[in-house]
Every structure is written in C-alpha cells, then in structure tokens.
Amino acid sequence: GAGVSQTPSNKVTEKGKYVELRCDPISGHTALYWYRQSLGQGPEFLIYFQGTGAADDSGLPNDRFFAVRPEGSVSTLKIQRTERGDSAVYLCASSLQAGLGYGYTFGSGTRLTVV
Amino acid sequence: KQEVTQIPAALSVPEGENLVLNCSFTDSAIYNLQWFRQDPGKGLTSLLLIQSSQREQTSGRLNASLDKSSGRSTLYIAASQPGDSATYLCATVGDNDMRFGAGTRLTVKP
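Before going into details, it helps to say that this report is about the structure given with it. All values reported here derive from a predicted model rather than from experimental measurement.

### Some details on empty space enclosed by the protein
Okay, step 1: One pass over the structure, following the stated rule, counts one cavity of 30 Å³ or more.
Okay, step 2: There is about 30 Å³ of room inside the largest cavity.
Okay, step 3: Along the wall of the largest cavity there are 12 residues; nearest its centre are Tyr33, Gly99, Tyr102 and Tyr104 of chain A together with Val93 of chain B.
Okay, step 4: Of the residues in the lining of the largest cavity, the class split is four nonpolar, six polar and two charged.

### A look at the nonpolar core
Okay, step 1: Within the largest apolar cluster, 21 residues are counted, with the highest numbers of intra-cluster contacts made by Leu33, Trp35, Leu75, Ile77, Tyr88 and Leu106 of chain B.
Okay, step 2: At the level of elements, β3 (19-25), β4 (32-38), β5 (44-51), β7 (62-67), β8 (72-77), β9 (86-93) and β11 (104-109) of chain B are the ones that each hand at least two residues to this core.
Okay, step 3: It is β3 of chain B that contributes the most residues to this core, four residues altogether.
Okay, step 4: Beyond its immediate chain neighbours, meaning those up to four positions away, Leu75 of chain B contacts Leu19, Val20, Leu21, Trp35, Leu47, Leu48, Leu62, Asn63, Ala64 and Tyr88 of chain B.
Okay, step 5: Core analysis: the second largest hydrophobic core is formed by 20 residues, Cys23, Leu32, Leu60 and Leu112 of chain A among them.

### Section: the state of the cysteines
Okay, step 1: Enumeration over the complete set of coordinates arrives at two disulfides over all chains.
Okay, step 2: With its sulfur 1.8 Å from that of its partner, Cys23 of chain A forms a disulfide with Cys92 of chain A. As the torsion about the S-S bond is roughly -65 degrees, the Cys23 of chain A-Cys92 of chain A disulfide counts as left-handed. With a gap of 69 residues between them, Cys23 of chain A in strand β3 (residues 19-24) and Cys92 of chain A in strand β9 (residues 88-95) connect regions that are remote in the sequence. Pair check on accessibility: Cys23 of chain A and Cys92 of chain A agree, each one buried.
Okay, step 3: Sulfur-sulfur distance for the disulfide between Cys23 of chain B and Cys90 of chain B comes to 2.0 Å.

### Notes on the sheet that holds strand β1 (residues 5-7) of chain A
All names here are of chain A.
Okay, step 1: With antiparallel pairing, four strands are arranged side by side in an open sheet as β1-β3-β8-β7. Where the open sheet ends on each side, the last strands, each with one partner, are β1 and β7 (65-68). Going from strand to strand, the sheet's axes swing by 15 degrees on average, the running direction of each strand aside.
Okay, step 2: Here β3 runs beside strand β8 (residues 75-79); their pairing, made up of five bridges, is antiparallel. Bridge pairing in β8 links Leu21 to Leu77.

### Some points on the packing of aromatic side chains
Think of a pair of aromatic rings as described by two things: how far the centres are apart, and how the planes are tilted against each other in angle.
Okay, step 1: Scanning all chains against the criterion turns up nine aromatic pairs over all chains.
Okay, step 2: Ring geometry for Phe106 of chain A against Phe100 of chain B: centres 5.7 Å apart, planes inclined by 75 degrees, an arrangement best described as edge-to-face. Here the residue Phe106 of chain A occupies a position in strand β10 (residues 105-106), and Phe100 of chain B occupies one in strand β10 (residues 98-100), the pair thus bridging two chains.
Okay, step 3: The rings of Tyr33, Tyr35, Phe45, Tyr48, Tyr104 and Phe106 of chain A together with Phe36 and Phe100 of chain B are connected pair by pair, giving a single aromatic cluster.

### With respect to the environment of Gly41 of chain B
Okay, step 1: With respect to the secondary-structure elements, Gly41 of chain B resides in the loop between β4 and β5.
Okay, step 2: Expressed as a C-alpha distance, the spacing of Gly41 of chain B and Gln54 of chain B, which sit 13 residues apart in the sequence, is 32 Å.

Rules behind the numbers
- Numbering of residues starts from 1 in every chain and runs along the sequence as written.
- Here every chain gets a letter starting at A, and every ligand a number starting at 1, in the order they are written.
- Given that this is a predicted model, residues contribute local features only at a pLDDT of at least 70 and side-chain atom pairs are listed and counted only at 80 or more, while totals for whole chains, interfaces and linings are drawn from all residues.
- Processing note: side-chain calculations cover all non-hydrogen atoms of the structure and skip hydrogens and water entirely.
- Detection works on a 1 Å grid of protein atoms alone, calling trapped sets that fit a 1.4 Å probe cavities and calling open sets with protein on both sides within 12 Å along at least five of seven lines pockets, with lining residues defined by an atom within 4 Å of a point.
- Grid points are joined across faces, edges and corners, and a volume is the space filled by probe spheres set on the points.
- The nonpolar class holds Ala, Val, Leu, Ile, Met, Phe, Trp, Tyr, Cys and Pro. Asp, Glu, Lys and Arg form the charged class, and all remaining residues, Gly among them, are polar.
- For this analysis, a nonpolar core means a set of buried residues of the types Ala, Val, Leu, Ile, Met, Phe, Trp, Tyr and Cys, connected via side-chain atoms within 4.5 Å.
- Each residue is assigned to one of three classes by its accessible area relative to the maximum for its type, calculated with a 1.4 Å probe on protein chains only: buried under 20%, partly exposed between the two thresholds, exposed over 50%.
- Elements are defined by DSSP. Helices are runs of H or I of four residues or more, strands are runs of E of two residues or more, and each kind is numbered from the N terminus.
- Any two residues whose heavy atoms approach within 4.5 Å at even a single point are treated as in contact.
- Two cysteine sulfurs form what is called a disulfide whenever their separation falls within 2.5 Å.
- DSSP calls a pair of strands paired once it identifies at least 2 bridges connecting them.
- Comment: axis = line fitted to C-alpha atoms, over the contacting stretch for helices; angle = value between 0 and 180 degrees taken between N-to-C directions.
- Pairing of aromatic side chains requires ring centres within 6.5 Å, counting the rings of Phe and Tyr and the six-membered ring of Trp. Pairs whose planes differ by under 30 degrees are stacked, by over 60 edge-to-face, and all others tilted.

The following block contains the structure:
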C-alpha cells in the first residue's frame with residue numbers, strides 16, 4: 001500500500017478483555033515496528049520484526065503483550081487481560097530494512113482506551 | 001541506552017517569527033536522526049531525515065542540522081505560520097531501533 005495502515009483507529013474495551021491491533025505496512029518493507037505513546041510523551045519502542053521473526057521484543061512491558069507477523073507483511077499486536085494502564089496510542093512503523101539507518105514511516109495509530 | 005531530550009517542552013510564538021527547536025542525545029553512534037511532526041490525535045509525519053554523514057537537511061521553510069560529536073540536532077522553522085502548530089519530535093535511529101524525545105509542543109499565534 002501507499003502508506004502504513006492501522007486498524008482500528010480507535011478501540012474502547014473493558015478492563016480484563018482481550019484486544020488485537022492490526023498493522024499493514026508499506027508493501028516491500030521488510031522491517032515492522034510497534035511503539036506505544038502515552039499522553040505528553042514520545043513513542044516508546046515495544047517490538048520489531050525483520051521479516052516474520054521478532055528480532056527484538058525487549059520493549060514489551062510484560063507477558064500480556066504479544067505480537068505476530070506470520071507472513072512477513074501484516075502484523076497483529078495482541079494484549080490479554082487489558083488494564084487501564086494499557087490505555088495509549090499504539091503506533092506501527094515500517095522500514096525498507098532493519099538497520100542501516102533507513103527512515104521509518106508511521107501509521108496513524110490506534111488509540112486504545114481501557115475502561 | 002540512548003536518551004533523547006527535547007528543549008523546550010512547549011513554545012508559543014507570534015506568526016512570522018523564526019524559531020529553533022533543540023534535540024540532544026547521549027549516544028552518538030547513530031545512523032541518522034529524523035524529525036517528525038505530530039498533530040493532536042494523529043500519527044507521525046516525517047519532516048526531515050539527516051544521515052550520520054550529513055550536517056543538515058532542508059525542506060521548504062524547515063532546516064535541520066546534526067552535530068553528532070556534541071549529540072545535538074536543531075530544527076529551524078522560518079517565518080512560522082499558524083498551520084505549523086503541532087508537536088515536533090526528534091528521534092535517533094540506531095542499529096535496530098528508533099528512540100524518541102518527548103517532543104516540543106509549538107503554538108504559532110495569528
């Protein structure tokens with residue numbers, strides 16, 4: 001696609017529920033990144049994929065968070081047993097290739113609100 | 001771990017002023033530095049990308065400089081307009097990740 005697409009744009013869920021956030025990267029971009037942005041803060045790294053594998057998941061806050069990219073294109077960020085503290089904007093970015101300093105293109109984000 | 005700091009946190013200027021936004025980082029081993037704009041409730045729009053071998057990049061009224069040795073980058077906005085009001089984020093791109101500052105929230109008053 002022409003840009004990075006994220007769905008849904010907004011998600012409101014009840015505490016304790018399971019949610020899935022989807023990211024569709026730019027066609028041909030092999031690297032995909034997930035970030036989380038809290039109000040008034042810069043985005044914080046969660047996980048990145050090079051191809052199908054999670055190359056670095058050190059930013060995931062705990063084991064309730066998990067992400068997959070089974071075919072090396074679309075990625076899904078999954079959050080189990082959501083908590084109010086999970087409320088944030090979840091941003092996805094893609095890059096031609098990880099490393100080597102390629103620029104990132106970001107999607108518009110998914111605003112998650114846990115009530 | 002890379003730490004990125006942006007000063008000031010917020011800035012309000014009258015229309016037409018030239019202004020400078022500052023970004024500093026602790027680890028100079030970066031591939032490039034990227035400046036983004038973020039409008040309220042929106043994603044990130046890339047403004048300028050400066051590769052580590054470059055000193056500056058220009059796009060229209062925007063000019064970004066990079067001094068790796070001192071761990072600093074600046075974004076210069078000429079002849080500011082109300083439409084420039086947004087949050088400006090700088091980010092360093094390392095080997096496999098991007099680290100962001102908290103941003104500078106800019107308001108340009110008509």
